[in-house]
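Structure assessment
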Amino acid sequence: MKITSDIHTHTFLSACAARDSYPQDFMRICKSFGIKTLGFSDHLWDKAVPGSSNWYAPQDVEHVLQLKELLKGPECQAECGGLKILFGCETEFLGGKHVALSREAMSVFDYVLIPPDHFHMKGFTRPADLNDPQGIKELMIRRFMEVMELGMATSVVHPFHAMGWTPEMPRLIQSMITDNEYIECFKAAKQANCAIEINTCAVAPIAGNDGIGPDKFSPEYVRMMTLARETGCTFSIGTDCHNPKNIEKAGGYGHFDRFTDLCGITKILFND
Ligand SMILES: [Zn+2]
Ligand SMILES: [Zn+2]
C-alpha cells in the first residue's frame, strides 16, 4: 500500500534525538516522499505521574508543548502546506497501570503512542536481572496485554521488539512467540481499538540468507504482522526517526509500501 502517513517522529525536544531534528525539515522531507499526514511524537513523562527517571523528568507535558508554538512559527508555516500535522506523544509504560501520562493530560494530544517494551532501560522498564529469553518473552506478552487494558493507546509502538540485549534478541524472542499467542494479543488490540505500529525496525533488512525478497524482510515480522492483519487489526506507520535526514537516507517509504503489500495490510490509521 502506498504509505502517506507517518505518526512516529522525534524532534530535538526528545533528549535522544539529533539536536537539529527540526519539525520543518520533517515536513519538507516527508512531503517530498508523498506523506500527507505527519505526526510528531516526542518522548513524554507527564509530571502528574510519579516515578520518572532522571532522563525522563525534564520531558514533561509543558516541554513537549513547545512544539505547538514552533508549528505556528515562520519556519514551519513555510513548509506545512499540503500536510495534515498531528500533535502526539510517545509516553512510557512500566507495567500494570503505570503509564507516564495522566488521563487529564491525554486531551492535549491528537494521539498517544505507548511502547510496551522499551527494555533497554534496565532496572526501570524491566528488572535489571532479566536476561533469559523465556522470561523476556513472557514479560513482553504481559506488557502488551496491560497496554490494551489501559485503553489509552492510539497505537502500540515497536511491539515485540526486544531492545537492549544483542541485535539477534528481537528475532529470537519473536521466533518463540506462537501464532496463538500473537492472535490473543492482537484480538485484545482490536478490542481496545489500538493500532499496531509498523516501525522501521519491522521493515529493516535482516542479516543472514533468509530475508524475504529484495528488501530482505524478516520472516518473523512478516508472520507477526500478517497474523495481526488476519485478526482484523488496524496499523499505524512510524519511522521513529530521531533525525529527519534518516528518512532521506532510507529513500523514503518504499520499503513500508512493499512490506504492507507482502502482509496484505490495507487498514492504516491516517493513511488515505
Ligand atoms: Zn520507542
Ligand atoms: Zn520513538
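Whatever comes next refers back to the structure up there.
So, here's what we can say about the structure. (Residues numbered from 1 in each chain as written. Chains lettered and ligands numbered in written order. Predicted model: local features only at pLDDT ≥ 70, side-chain atom pairs only at ≥ 80, totals over all residues.)

Concerning the overall build of the protein chain
- Across its full length, the protein chain carries 11 helices and 7 strands.
- Compactness check: the protein chain gives a C-alpha radius of gyration of 18 Å against a globular reference of 19 Å for 272 residues, within 12% of the reference.
- Its C-alpha atoms put the protein chain at 50 × 45 × 35 Å along the principal axes.
- Scored against the burial criterion, the 272 residues of the protein chain give a buried share of 41%.
- In the protein chain, once contacts between residues fewer than 6 apart in sequence are set aside, the share between residues at least 24 apart is 77%. (Helix = DSSP H or I, 4+ residues; strand = E, 2+ residues; numbered from the N terminus. Rg over C-alpha atoms; globule rule 2.2 N^0.38 Å. Buried ≥ 20, exposed ≤ 12 C-beta atoms within 10 Å, placed from the backbone. Contact = placed C-beta atoms within 7 Å.)

Overview of the sheet that holds strand β2 (residues 37–43)
- Strand order in the open sheet made by the 7 strands is β1-β2-β3-β4-β5-β6-β7, with parallel pairing throughout. Strands at the two margins of the open sheet, each flanked by one partner only, are β1 (5–6) and β7 (235–238).
- Relative to strand β4 (residues 111–114), strand β3 (residues 84–90) runs parallel, the two sharing 3 bridges. Paired with Gly-88 across the strands is Tyr-111, a residue of β4. (Pairing = 2+ DSSP bridges.)

Some remarks on helix α5 (residues 133–150)
- Here α5 spans 26 Å end to end across 18 residues, near enough to the 26 Å set by a 1.5 Å rise per residue.
- For α5, the complete set of buried residues consists of Ile-136, Met-140, Arg-143, Phe-144, Val-147 and Met-148. Considered in projection along α5, the buried side chains sweep an arc of 140 degrees and stay on one side of the axis. Along α5, exposed side chains directed more than 90 degrees from the buried face belong to Gln-134 and Glu-149.
- Within two residues after α5, Gly-151 carries a phi angle of roughly 65 degrees, on the positive side. (Expected span 1.5 Å × (residues − 1). Arc of directions from axis to C-beta.)

Comments concerning unusual backbone geometry
- Phi is positive for Lys-216, close to 55 degrees, though the residue is something other than glycine.
- Secondary-structure assignment places Lys-216 in the loop between α8 (200–203) and α9 (219–230).
- For Lys-216, a count of 15 C-beta atoms within 10 Å gives the class partly exposed.
- The backbone of Phe-270 shows a phi angle near 60 degrees, a positive value even though the residue is not glycine.
- Tracing the backbone shows Phe-270 in the segment after α11 (254–263).

Examining the packing of α5 against helix α6 (residues 169–176)
- With their axes 10 Å apart at the nearest point, α5 and α6 run at an angle of 75 degrees to one another. Of the possible angle classes, the one that applies to α5 and α6 is roughly perpendicular. Two secondary-structure elements touch here, α5 through Pro-133, Ile-136, Lys-137 and Met-140 and α6 through Leu-172, Ile-173 and Met-176.
- Looking at the contact of α5 with α6 residue by residue, the class counts come to 6 nonpolar, no polar and 1 charged. (Axes fitted to C-alpha atoms, helices over the stretch in contact; angles between N-to-C directions. Parallel < 35°, antiparallel > 145°, perpendicular 65-115°, else oblique. Nonpolar A, V, L, I, M, F, W, Y, C, P; charged D, E, K, R; others polar.)

Some words on the environment of Gly-95
- Checked against the element boundaries, Gly-95 lands in the loop between β3 and α4 (103–106).
- C-alpha separation for the pair Gly-95 and Gly-51, spaced 44 residues apart in sequence, amounts to 12 Å.
- If we skip the residues at most four places from it in the chain, Gly-95 touches Arg-143 and Glu-146.

Regarding the nonpolar core
- Core analysis: the biggest nonpolar cluster contains 58 residues, and Val-112, Ile-114, Val-156, Ala-189, Ile-198 and Met-225 have the highest contact counts within it.
- Sequence-distant contacts of Val-112, that is, excluding residues within four places in its chain, are made with Gly-88, Cys-89, Thr-91, Leu-101, Met-106, Met-152, Ala-153 and Thr-154.
- By size, the runner-up hydrophobic cluster in this structure holds 7 residues, among which are Met-27, Ile-35, Leu-38 and Ile-247. (Core = buried A, V, L, I, M, F, W, Y, C linked by C-beta atoms within 7 Å.)

Brief notes about the pairing of β7
- Here β7 shows two buried faces, one formed by Phe-235 and Ile-237 and the other by Ser-236 and Gly-238.
- Here 4 bridges tie strand β6 (residues 195–199) to β7, and the two strands are oriented parallel to one another. From the neighbouring strand, Ile-198 faces β7, where its bridge partner is Ile-237.

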